[in-house]
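Here's the letter readout for the chains.
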Amino acid sequence: MLGTQTFEGVLFTEETETPVNVLTGETPTHSKASVDEARAFAVGIDSDTPQIALQASVEAQIETASKPYTAAAFFHFKATGTLALHRAYHAAYESDAFAVDFEADYETGDLTITVEEVTGSERDEV
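**Q** Which residues make up the overall build of the chain, and what values go with them?
**A** Of the regular secondary structure elements, the chain holds five helices and five strands. In the chain, the order of α-helices and β-strands from amino to carboxyl end is β-α-β-α-β-α-α-β-β-α. In terms of overall dimensions, the chain has a C-alpha envelope of 65 × 25 × 25 Å along the principal axes. Counting across all 126 residues of the chain, residues that qualify as buried make up 32%.

**Q** Could you give an account of helix H4 (residues 83-94), naming the residues involved and the relevant values?
**A** With twelve residues, H4 should reach 16 Å at 1.5 Å per residue; the first-to-last C-alpha distance of 16 Å fits that figure. Among the residues of H4, His86, Tyr89 and Ala92 are the ones counted as buried. All buried residues of H4 lie within an arc of 135° about the axis, which places them on one face of the element. Facing away from the buried side of H4, by more than 90 degrees, are the exposed residues Ala84, Arg87 and Glu94.

**Q** How would you explain the environment of valine 43 if you had to name every residue and give the values?
**A** Considering the arrangement of structural elements, one finds valine 43 in helix H1 (residues 35-43). Overall, valine 43 belongs to the exposed group, its relative accessible area being 63%. Placed 28 residues apart in sequence, valine 43 and alanine 71 show a C-alpha to C-alpha distance of 8.6 Å.

**Q** Describe the pattern of salt bridges, listing the residues and the values that go with them.
**A** Evaluated as defined, the whole model comprises two salt bridges. Across the pair aspartate 36 and arginine 39 runs a salt bridge, and its minimum N-O distance is 3.1 Å. In this pair, aspartate 36 and arginine 39 both sit in helix H1, three residues apart, roughly one turn of the helix. Classification of aspartate 36 by relative accessible area gives exposed; the value is 56%. In this structure, the salt-bridge partner of glutamate 37 is lysine 67, at a minimum N-O distance of 3.3 Å. Of the two residues, glutamate 37 sits in helix H1 while lysine 67 sits in the loop between helix H2 (58-64) and strand E3 (69-73), which places them 30 residues apart along the sequence.

**Q** Account for the packing of aromatic side chains, with residues named and values stated.
**A** Evaluated as defined, the whole model comprises seven aromatic pairs. Their ring planes at 70° and their centres at 5.4 Å tell us that phenylalanine 12 and tyrosine 69 sit as a pair that is edge-to-face. Of this pair, phenylalanine 12 sits in the loop between strand E1 (3-7) and H1 while tyrosine 69 is found in strand E3, placing the two residues 57 residues apart along the sequence. One exposure class covers both phenylalanine 12 and tyrosine 69, and it is buried. Clustering of aromatic rings is evident, with ring pairs tying together Phe74, Phe75, Tyr93 and Phe102.

Reading the values: the criteria
- Residues numbered from 1 in each chain as written.
- Predicted model: local features only at pLDDT ≥ 70, side-chain atom pairs only at ≥ 80, totals over all residues.
- Heavy atoms only, no water.
- Helix = DSSP H or I, 4+ residues; strand = E, 2+ residues; numbered from the N terminus.
- Buried < 20%, exposed > 50% of the residue type's maximum accessible area, 1.4 Å probe, protein only.
- Expected span 1.5 Å × (residues − 1).
- Arc of directions from axis to C-beta.
- Salt bridge = Lys/Arg side-chain N within 4 Å of Asp/Glu carboxyl O.
- Phe/Tyr/Trp six-rings, centres within 6.5 Å; stacked < 30°, edge-to-face > 60°.

Spelled out as structure tokens, the structure:
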């Protein structure tokens, strides 16, 4: 888990799949959204843990008449792919022994998470 790992195509992008009404051939209004809107939504979540905008499934958009994105913690299992990685990143983020940083690239849909061990002297400086 130490080091940098990139999870490809997990974030909301301008190309995220949206439903189409089969009768009209148009995308419902609730499914139209921009990356800026999704990013602002994720950042606006009142949480101690930084949030990202993930792709919502077409099924979820249809069933709940929701936007094509949803917010989640940057280490959410839908982004990292497994519950084990979700738990490991969460533990590292909560620990003083590790520095955890992430980059959300909404142009490509890639999420990059970096985990570095914090040395004793670095902990003393904080």
